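# Analysis of the macromolecular model
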Amino acid sequence: MTEETASTSNGGRWVQGQSGNPKGRPVGRPDARTKLSRKLAEQGPAVIDVVLEQALDGDLHAASLILARCVPTVRPQAERVAFDLDPAAPIHKQIEAVLACVATGQLAPDVGQTIISSLGTLADARAVAELEARINTLEQKDGS
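The shown structure was predicted, so the numbers you read here are calculated from the model rather than taken from an experiment. (Residues numbered from 1 in each chain as written. Predicted model: local features only at pLDDT ≥ 70, side-chain atom pairs only at ≥ 80, totals over all residues. Heavy atoms only, no water.)

With that settled, the discussion passes to the overall build of the chain. The helix and strand inventory of the chain stands at five helices and zero strands. Mapped in sequence order, the helices and strands of the chain form the string α-α-α-α-α. Against the compact-globule benchmark of 15 Å for 144 residues, the chain has a radius of gyration of 33 Å, which places it well outside the compact range. Over its C-alpha atoms, taken along the principal directions, the chain stretches across nearly 80 × 70 × 15 Å. Counting all 144 residues of the chain, 11% fall into the buried class. Considering only contacts within the chain whose residues lie at least 6 apart along the sequence, 28% involve residues at least 24 apart. (Helix = DSSP H or I, 4+ residues; strand = E, 2+ residues; numbered from the N terminus. Rg over C-alpha atoms; globule rule 2.2 N^0.38 Å. Buried < 20%, exposed > 50% of the residue type's maximum accessible area, 1.4 Å probe, protein only. Contact = heavy atoms within 4.5 Å.)

On to the environment of Ala129. When you line up the elements, Ala129 lands in helix 5 (residues 109–143). Accessibility expressed as a relative area gives 40% for Ala129, which makes it partly exposed. In this structure, the C-alpha to C-alpha distance between Ala129 and Leu65, residues 64 residues apart in sequence, is 52 Å.

This part is about the packing of helix 2 (residues 32–56) against helix 3 (residues 60–70). Helix 3 packs onto helix 2 with a crossing angle of 120° between their chain directions and a minimal axis gap of 7 Å. The angle between helix 2 and helix 3 falls in the class oblique. The handedness of the crossing between helix 2 and helix 3 is left-handed. Within the contact between the two elements, helix 2 uses Val51, Leu52, Gln54 and Ala55 and helix 3 uses Ala62, Ala63 and Ile66. Among the residues forming the contact of helix 2 with helix 3, the class breakdown is six nonpolar, one polar and no charged. (Axes fitted to C-alpha atoms, helices over the stretch in contact; angles between N-to-C directions. Parallel < 35°, antiparallel > 145°, perpendicular 65-115°, else oblique. Left-handed = near helix turned anticlockwise from the far one by under 90°. Nonpolar A, V, L, I, M, F, W, Y, C, P; charged D, E, K, R; others polar.)

Summed over all chains, the structure comprises two salt bridges. Where Glu96 meets Lys93, a salt bridge forms, and the shortest distance between an N and an O atom there is 4.0 Å. Remark: Lys93 and Glu96 occur in helix 4 (residues 91–103); sequence separation between them is three residues, near one turn of the helix. Measuring nitrogen to oxygen at the nearest pair gives 2.9 Å for the salt bridge that ties Glu130 to Arg134. Linking Glu130 with Arg134, this pair stays in helix 5, spanning four residues, or about one helical turn. Given the relative accessible area of 51%, Arg134 is considered exposed. (Salt bridge = Lys/Arg side-chain N within 4 Å of Asp/Glu carboxyl O.)

Here it is as structure tokens:
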């Protein structure tokens, strides 16, 4: 029996404690990733110092690297708005009110678009609720 068949003689499965690759990397010898991680841990502070010095000397690429790693990305936030909107009005009337505010400059176009999108979602939810109510009414009539 060869060494290869000995390691898989257990019905095609590896035998516990026997290597499937006896000529592979010896136990305890670090792989390339571990070596690189150790080297970075040792040399990392010096690299950071060099890049920081370059950034302070006006190197925009170095500054960009540092800022990308150290400062969180600023995300846009929608402004708070206040305007007259009748939530009980039909959806098309509410959309018209939002468009009128955009037209007069009371709302920014992107904010208006977000509100109109939300109104569309509200219209879908109202339609589903109305359909459920109609189905329940029909089922009650059939069950009576």
